Amino acid sequence: MYMRLALREIKRSRKLFLFLILQLCVTFLAAIGCASVVSGQYWRYDAFKSIIGKEGWFVNTNLGLRIPEADAGTGRSGREILEKYLPDANIICTYSIFGDIFMDDAVLDIDSTVYDPELIDIMGAETEIAEGRWFAKNDGREIEAVISQNYYGLTEGDVVNLVAYAGEESIPIRIVGVLKEDSTVIKMNYSSDMVGYHNFLYNLQGDPGTQFLILQEEDFSRLAAANPQLKEILWPQGLLFIQYPDRISDEEKAGYDNFIADNLEIRLKETLETVDQKSKRYIKRQLNDIVPVLLVFCIMIVMSTVCVSVIEVRQHITNLSIYRIVGMSRKSCFLIQLCINIIILCLTMAVTAIAFIVMQRLGKDMIIWNTGILQTAVCAFIAVVWMILVFVVQYKVMNKHELWRMNI
Amino acid sequence: MIRLDNINKIYNKGRKNEFYALIDINLHIYPGEMIAVTGKSGAGKSTLLNILACMDRPDSGIYYWYDQPVGRFSEKRMARMRNEKIGIVVQDFALIEDFTVYENVSLPMEIAGRKRSGRRDKIQEVLHIVGMESYANCKIRELSGGQKQRTAIARAIINEPDIVLADEPTGALDSDNTKMVMQLFKDLNESGKAVVIATHDPDITKQCGKIIEMEDGRIRQHT
Ligand SMILES: Nc1ncnc2c1ncn2[C@@H]1O[C@H](COP(=O)(O)OP(=O)(O)OP(=O)(O)O)[C@@H](O)[C@H]1O
Ligand SMILES: [Mg+2]
């Protein structure tokens, strides 16, 4: 019966309730947006955490490396040389290829980069594929690649050929996927605030003239057993993370540090610790920019909905006191009010969900709204705070003595 | 049936604007009585009726309902009193405007937990008594004042109360409607219910068997 009476009250003042629902809905959406930004940034940082959360160095080798034995003819890949001098360090990097990519007989003007598996994994979660797929477990005889939107018309299933500068043999590369136009890849991204995890992410939309070919180092090392040349044509360039082992003696560390200082021709070098700190600072600054604004916004709307709900309770307090005259206790009248609030909240959630889905459909590419635990938790928190706040205020209003007399 | 023992009601107790609305009220109401409560505006008539109706509690004194002190009743029991034992009629009708006549009259039975099927006949019966059966499906806002008050009376008696309390029931009505409503009260009284009417109208006062005249929160005269 309470539900039925509550529903009738809602129907009666439906304009006011519509207003209330819209207000709350905006609050929810703002909160979801806020939570999405927070969790989105944190999630990206978290992806890099296993790389930058250690002792060691980040080196930007955009200009290439100059290290001992680096001159051609040693028959070794740059990585192997690094491993020889830094035997206990773990190296994670991107490589350029000493070779050209051919389509039929023409050389492609394409920015091809080979990634270590750790980076392939991070990128796999970040990028969006327009056609085909991202890298999967590959144990075939072909090297796989993912390509950006390109004017060669290359797409999923096409095969291009890699020919090393120092060889004639052509190695087939099968394209398994095409990136979306605005995908984010891992590549050094200069900004005024160096160097945090955000400097490793690069949005392709910022550079529409360049085509990217992404390959995985795994394929090269697997096939290198049969064709050693494959390993030698990879050269660390771009991002280079040198992780020191967990238990490194001071002596060994000093040795490593010296090798890096003396031998790597470096454009930018930072300890991983600094990168981690700057990453955290970057997240914090991002949040400082956006969270207070959204927070104030949410508080203001919640406040205003509380005011509206006072008007609302005044509108049907007459009916509530009539229910009391004919035999309801005051508690039951409050219960009706509670039902009204609960219905409002449920309706709001439904409207929010619909609005959310519609917005995701419409603005697919620019959407910052995501669903997740944090978003749900924030919404639940707002819902609870709203319920309590509104009911306390309404209770105060309703408790005014005169409202409950016979002549109203 | 009802006995009031030294009832006092103080509004805004303990504050600057403290106001003694009822002072040492002693009163007996017997079954089947028809009582008029009169007095100037502000004399305390409505305050008295609110207490009799279990809408409000006195600040001191004892209200006996068939020898049971109402002061001991819980909120819930008070609500059940209003629902089952006491019919309430007020000047501005206190009807739910966007419910139909039928729904309004049905409300006390719903609150009492009566089944839908069990309600219908009784509602038809009381609507017949007040002459509103042909308006059962009209919304309240489509009715005239007299019709509204007859609906309110139907609602007041739907659960067969022992007493009907009416606060200025004709205050918003013209003379024809006043007559009709008073006739209803007299009929109710004849069927054995006690009726208490607070009013300014001397014509109404004349039609009641007992008159309580109030002044400044006290009963001045009892006839
Ligand atoms: N909730 C309240 N708070 C403070 N004072 C009140 C309250 N209700 C009534 N009063 C005061 O108590 C006195 C008695 O009020 P009451 O409504 O009982 O008078 P009444 O005899 O019914 O008058 P009327 O004929 O105008 O209806 C009035 O002076 C009124 O101002
Ligand atoms: Mg009055």
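Note that this is a predicted model, so its numbers are computed, not measured.

Draft legend 1. Region of interest: the interface of chain B and chain A. Taken together, the 29 residues of chain B in the interface contact 21 residues of chain A. Overall, the association of chain B and chain A removes approximately 2,400 Å² of surface from exposure, summing both partners, and the carbon and sulfur fraction of that is 56%. Linking chain B with chain A are two salt bridges, by the criterion used here. Here Arg4 of chain A makes a salt bridge to Glu110 of chain B, at a shortest N to O gap of 2.2 Å. Our enumeration of links across chain B and chain A arrives at six residue pairs in polar contact (both at pLDDT 80 or more). Only α1 (45-52), α2 (75-84), β6 (86-90) and α3 (101-112) of chain B provide two or more residues apiece to the side of chain B that touches chain A. Its residues assigned to classes, the side of chain B that touches chain A shows 15 nonpolar, five polar and nine charged.

Draft legend 2. Layout of the domain arrangement of chain A. Residue and element names in this part refer to chain A. Each assigned domain of chain A is listed with its residue range as follows: domain 1 (2-44 + 283-405) and domain 2 (53-280). Inter-centroid distance (C-alpha atoms) of domain 1 to domain 2 is 50 Å. Contact with domain 1, which involves seven residues of that partner, is made by nine residues of domain 2. Between domain 1 and domain 2 the total buried area reaches about 700 Å² when both faces are included, carbon and sulfur atoms providing 41% of it. Seen at the junction of domain 1 and domain 2, the total is one salt bridge. Linking Glu126 and Arg44 is a salt bridge whose minimum nitrogen-to-oxygen distance equals 2.5 Å. Viewed at the interface, domain 2 and domain 1 are joined by four residue pairs in polar contact (both at pLDDT 80 or more). Of all the secondary structure elements, the ones that give two or more residues to the side of domain 1 that touches domain 2 are α2 (14-52) and α8 (272-325). In terms of residue class, the side of domain 1 that touches domain 2 is made up of two nonpolar, one polar and four charged.

Draft legend 3. Region of interest: the site of ligand 1. Residues and elements named next belong to chain B. Within the structure, ligand 1 sits among 15 residues, and Ser41, Gly42, Lys45, Ser46 and Thr47 are positioned closest to it. Interatomic distance of 2.6 Å between a side-chain N/O atom of Ser46 and an oxygen atom of ligand 1. In isolation ligand 1 has 630 Å² of accessible area, and contact with the protein removes 71% of it. Going through the elements one at a time, β2 (19-29) and α1 are the ones with two or more residues in the shell around ligand 1. Per element, the largest residue contribution to the shell around ligand 1 is three residues, and it comes from α1. Here the shell around ligand 1 is composed, by residue class, of four nonpolar, seven polar and four charged.

Draft legend 4. View of the layout of surface pockets. All names here are of chain A. Space inside the second largest pocket adds up to approximately 430 Å³. Lining the second largest pocket we find 24 residues, and of these Ser96, Asp111, Ser112, Thr113 and Gln237 sit closest to its centre. When contributions to the lining of the second largest pocket are tallied by element, the ones reaching two or more residues are β2 (90-97), β3 (99-103), β5 (111-115), β10 (184-186) and β13 (234-243). Grouping the constituent residues of the lining of the second largest pocket by class yields 13 nonpolar, eight polar and three charged.

Draft legend 5. Local environment of the nonpolar core. Counting residues in each nonpolar core, the largest one holds 85 residues, and the members touching the most others are Tyr323 of chain A together with Ile29, Tyr63 and Ile163 of chain B. When neighbours within four sequence positions are excluded, Tyr63 of chain B is seen to be in contact with Ile2, Arg3, Leu4, Ile7, Ile51, Leu52, Cys54, Gln68, Pro69, Val70, Gly71 and Ile86 of chain B. With 40 residues, the next largest nonpolar core counts Val114, Leu213, Leu223 and Tyr256 of chain A among its residues.

Criteria and thresholds
- Residues numbered from 1 in each chain as written.
- Chains lettered and ligands numbered in written order.
- Predicted model: local features only at pLDDT ≥ 70, side-chain atom pairs only at ≥ 80, totals over all residues.
- Heavy atoms only, no water.
- Contact = heavy atoms within 4.5 Å.
- Buried area = accessible area lost by both parts, 1.4 Å probe.
- Salt bridge = Lys/Arg side-chain N within 4 Å of Asp/Glu carboxyl O.
- Polar contact = N/O pair within 3.5 Å; in protein donor to acceptor, adjacent residues only side chain to side chain.
- Helix = DSSP H or I, 4+ residues; strand = E, 2+ residues; numbered from the N terminus.
- Nonpolar A, V, L, I, M, F, W, Y, C, P; charged D, E, K, R; others polar.
- Domains from an automatic or database assignment.
- Near = heavy atom within 4 Å.
- Areas by Shrake-Rupley, 256 points an atom, 1.4 Å probe, with all protein chains shown as cover.
- 1 Å grid on protein atoms, 1.4 Å probe; cavity = no way out; pocket = protein on both sides within 12 Å on 5 of 7 lines; lining within 4 Å.
- Points joined across faces, edges and corners; volume = space filled by probe spheres on them.
- Core = buried A, V, L, I, M, F, W, Y, C linked by side-chain atoms within 4.5 Å.
- Buried < 20%, exposed > 50% of the residue type's maximum accessible area, 1.4 Å probe, protein only.

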